[in-house]
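Listed below are the residues making up each chain.
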Amino acid sequence: MGRKNFIIAIDGFSSCGKSTVAKALAKQLNFVFIDSGAMYRAVTLYFLRNNIQLHDLETINEALENIHIDFIPNAEKIQVILNDEDVSEEIRMMYISDNVSEVSAIKEVRHAMVTQQQKLGKRRNIVMDGRDIGTTVFPDADLKIFMTASPSVRAERRFAELSAKGELVSMEDVIENLAHRDHIDSTREESPLRQAEDAFVLDNSDLTQEQQLSIVLEEYLRRKQKKAID
Ligand code: DC
């Protein structure tokens, strides 16, 4: 007998609006939302604070044993907790974005995070967004969505997001950071970002959030029916 819980995997490049769709979907369906990128960001924060060198695998393995990441949902948002500290705001800063791809390309880091992510998906209905959710973390996900958007739309979204938080960055820096992360995320050896063969592709360059949600909900209902039949 197959797994009973329903798993939705949402993958795609940075700033494609994955987490907006994932959150809305989770809310609508009453599923648990898990932002896997936040986990890599929290690890990056820990490494930077503790001055961990990215080639020092022994120290990295020790550090990974000491890193505990939790998600606490409350009324407005989901708090990301790194070893009892709320790091939700800090992990969105540009200095984390500038370092996270290098950290998340490390095999040991990925193995530790994938194991935690798989545990979070045991027996619960979840929506998880990231880069390798439909390919590596949950290759048997019930619904896989691959999101794309044009580079200019992505850069504008990211710029607006950072500006709204009062972070002073130039559009050039944002474009450079996105291109840099795209490159590392899709060319790394360990579970690179790629579209799963059975993924539903959603290009949201010209779609409102409501339109995206209704397209994805329709696809969910189709897959749910299929799961009931299988
Ligand atoms: O989704 P995000 O931009 O917050 O993710 C931050 C970084 O984490 C991203 O540049 C790549 C990495 N990441 C990853 O390698 N695998 C995931 N499943 C999620 C994120």
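Everything numeric in this text was worked out from a predicted model, so none of it was measured. (Residues numbered from 1 in each chain as written. Predicted model: local features only at pLDDT ≥ 70, side-chain atom pairs only at ≥ 80, totals over all residues. Heavy atoms only, no water.)

**Q** How should the nonpolar core be read in this particular structure?
**A** For soluble globular proteins, nonpolar side chains are generally found buried alongside one another. Val43, Phe47, Ile69 and Val109 are the most contacted members of the largest nonpolar core, which has 34 residues in total. Broken down by secondary-structure element, the contributors of at least two residues to this core are β1 (7-12), α2 (36-49), α3 (57-65), β4 (78-82), α4 (94-104), α5 (107-120), β6 (126-130) and α6 (133-137). Ranked by the residues each element gives to this core, the list is headed by α2, at eight residues. Contacts of Ile69, omitting those with residues within four sequence positions, involve Met39, Ala42, Val43, Val80, Ile81, Leu82, Met113 and Gln116. Residues Leu25, Leu29, Val216 and Leu217 belong to the second largest nonpolar core, which totals 22 residues. (Core = buried A, V, L, I, M, F, W, Y, C linked by side-chain atoms within 4.5 Å. Buried < 20%, exposed > 50% of the residue type's maximum accessible area, 1.4 Å probe, protein only. Helix = DSSP H or I, 4+ residues; strand = E, 2+ residues; numbered from the N terminus. Contact = heavy atoms within 4.5 Å.)

**Q** Before we go on, may I ask you to explain the pairing of strand β7 (residues 143-148) in this structure?
**A** Both faces of the sheet carry side chains from a regular strand, because those side chains alternate between them. β7 sits mainly inside the fold: five of its six residues count as buried. Looking at chain direction, β1 and β7 are connected through five bridges and run parallel. When the sheet's bridge partners are listed, Ala9 is paired in β7 with Lys144. Here β7 pairs with strand β8 (residues 200-203) via four bridges, running parallel. Bridging from a neighbouring strand, Ile145 pairs with Phe200 of β8. (Pairing = 2+ DSSP bridges.)

**Q** Explain the site of the ligand to me, please; I cannot follow it from the model alone.
**A** In the vicinity of the ligand lie 16 residues, with Arg41, Arg110, Asp132, Arg181 and Arg188 positioned nearest. Here Arg131 contributes a side-chain N or O atom positioned 3.0 Å from an oxygen atom of the ligand. Between the ligand and the protein, one listed contact pairs an oxygen atom with a side-chain N or O atom of Arg188 at 2.8 Å. When the free accessible area of the ligand is taken as 450 Å², the share hidden by the protein chains comes to 95%. The element best represented in the shell around the ligand is α2, accounting for four residues. (Near = heavy atom within 4 Å. Polar contact = N/O pair within 3.5 Å; in protein donor to acceptor, adjacent residues only side chain to side chain. Areas by Shrake-Rupley, 256 points an atom, 1.4 Å probe, with all protein chains shown as cover.)

**Q** Whenever I open this one, the environment of Val169 confuses me. Can you help?
**A** Within the secondary structure, Val169 is located in the loop between α7 (151-164) and α8 (171-187). Classification of Val169 by relative accessible area gives buried; the value is 15%.

**Q** In this structure, what is going on with the packing of aromatic side chains? I would like to understand it.
**A** Here the distance between the centres and the angle between the planes together describe a pair of aromatic rings. Applying the stated criterion across every chain yields a total of three aromatic pairs. Between Phe31 and Tyr220, the ring centres sit 5.9 Å apart and the planes meet at 85°, which makes this aromatic pair edge-to-face. Residue Phe31 is found in the loop between α1 (18-29) and β2 (32-35), and its partner Tyr220 is found in helix α9 (residues 209-229); the two are separated by 189 residues along the sequence. Each member of the pair, Phe31 together with Tyr220, is buried. A connected cluster of aromatic rings, assembled from ring pairs, spans Phe6, Phe31 and Tyr220. (Phe/Tyr/Trp six-rings, centres within 6.5 Å; stacked < 30°, edge-to-face > 60°.)

**Q** Can you walk me through the confidence of the model for the protein chain in this structure?
**A** The predicted coordinates ought not to be read in detail in places where the model reports low pLDDT. Per-chain confidence: the protein chain averages 94 in pLDDT, with 100% of residues scoring 70 or above. Across the protein chain, element-level confidence peaks in α2 with a mean pLDDT of 98 and bottoms out in α8 with 91. (pLDDT = per-residue confidence, 0-100.)

**Q** What is the right way to look at the pattern of salt bridges in this model?
**A** Between side chains of opposite charge, pairing is possible as soon as their charged atoms come close. Enumeration according to the criterion identifies 14 salt bridges in this entry. Asp140 is the partner of Arg3 in a salt bridge, and the nearest nitrogen-oxygen pair spans 3.3 Å. Taken as a pair, Arg3 in the segment before β1 and Asp140 in the loop between α6 and β7 lie far apart in primary sequence, 137 residues in all. (Salt bridge = Lys/Arg side-chain N within 4 Å of Asp/Glu carboxyl O.)

**Q** Sorry, what's going on with the sheet that holds β4 here?
**A** Each strand in a sheet pairs with another by means of backbone hydrogen bonds, the pair being arranged parallel or else antiparallel. Taken in spatial order, the three strands of this open sheet run β3-β4-β5, and their pairing is antiparallel. Here the strands that pair on one side only, and so sit at the sheet edges, are β3 (69-73) and β5 (85-86). Relative to β5, β4 runs antiparallel, the two sharing two bridges. Looking at the pairing, Ile81 lines up with Asp86 of β5. Each of β3, β4 and β5 is contacted by α2, which is oriented at about 130° to β3, the strand it contacts most. (Axes fitted to C-alpha atoms, helices over the stretch in contact; angles between N-to-C directions.)

**Q** Teacher, can you tell me more about the sheet that holds β8 here?
**A** Strand order in the open sheet made by the five strands is β2-β6-β1-β7-β8, with parallel pairing throughout. Because the sheet does not close on itself, it has two edges, and the strands there are β2 and β8. Averaged over neighbouring strand pairs, the angle between their axes works out to 20° when direction is ignored. Strand contacts of α1: β1, β2, β6 and β7, with the helix running at about 165° to β1, the strand carrying the most contacts. Across the sheet, α2 is in contact with β2 and β6; its angle to β2 comes to roughly 40°.

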